[in-house]
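# Structure at a glance
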Amino acid sequence: MPHPIMFSDDDLGLAELRTVALGFPEAFEKVSWGRPVFCAPKMFAMYGGNVKPESRGEMVPYPHSLLIKVDESDRRALEQDSRFFFPAYMGPFGWLGLDFTAAKVDWTEVRELIDASFRLVASRRLIKQLDEN
């Protein structure tokens with residue numbers, strides 16, 4: 001059974017996120033788990049996420065957020081920032097979320113986070129292409 005769609009095209013920050021993410025070499029968008037996912041061909045960014053509650057209960061939604069893969073050397077610093085969260089399911093695989101509603105979104109920072117995430121999953125060929133632009 002497919003996941004229900006959990007976003008609208010006019011959601012906070014989604015248009016800006018699309019502009020940034022689709023600017024990477026061979027990047028494309030698809031819907032997975034009911035959310036916009038950006039790939040080249042591996043996933044490097046996702047819009048929206050959830051956090052598992054500490055005790056039993058329903059997931060805590062972060063519908064207006066960016067999920068990105070982070071390098072372990074950056075993780076500790078980012079986790080100290082209250083705008084970031086440990087996303088359900090993807091957190092154990094090196095991903096963090098940035099809540100777009102926690103503060104004014106710095107799109108330069110978002111681009112840097114997406115760039116770092118892209119570099120962690122993209123092929124050498126795509127990274128070379130990115131660096132040549």
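Structure first, text after, so check above.
Residues numbered from 1 in each chain as written. Predicted model: local features only at pLDDT ≥ 70, side-chain atom pairs only at ≥ 80, totals over all residues. Heavy atoms only, no water.

Moving on: the environment of G48. Tracing the backbone through its elements, the reader meets G48 in strand β3 (residues 43–51). Its relative accessible area of 0% is what places G48 among the buried residues. Considered as a pair, G48 and D106 are 58 residues apart in the sequence and their alpha carbons are 17 Å apart. Residues contacting G48, with those up to four places away along its chain left out, are R35, Y62, P63, S65 and L67. (Helix = DSSP H or I, 4+ residues; strand = E, 2+ residues; numbered from the N terminus. Buried < 20%, exposed > 50% of the residue type's maximum accessible area, 1.4 Å probe, protein only. Contact = heavy atoms within 4.5 Å.)

Tracing the chain through its elements places S65 in strand β4 (residues 60–69). Looking at S65, the relative accessible area reads 0%, which means it is buried. For S65, the side chain forms a polar contact with the main-chain nitrogen of G49, separated by 3.5 Å. In this structure, S65 is in contact with M46, Y47, G48, G49, F85, L98, D99 and F100, ignoring residues within four places of it in sequence. (Polar contact = N/O pair within 3.5 Å; in protein donor to acceptor, adjacent residues only side chain to side chain.)

On to the nonpolar core. The biggest cluster of nonpolar side chains holds 30 residues, and the ones touching the most others in it are F24, F44, L66, V110, I114 and F118. Only α1 (14–21), β3, β4, β6 (95–99), α3 (107–121) and α4 (124–132) provide two or more residues apiece to this core. If one sorts the elements of this core by residue count, α3 sits on top with 5 residues. Those residues in contact with F24, other than ones at most four positions away along the chain, are F44, R111, I114, D115, F118 and L130. By size, the runner-up hydrophobic cluster in this structure holds 9 residues, among which are M46, V51, L67 and F85. (Core = buried A, V, L, I, M, F, W, Y, C linked by side-chain atoms within 4.5 Å.)

A word on the environment of F28. Structurally, F28 can be placed in strand β1 (residues 28–32). Judged by its relative accessible area of 35%, F28 is partly exposed. Remark: the alpha-carbon pair of F28 and Y47, spanning 19 residues in sequence, is separated by 13 Å.

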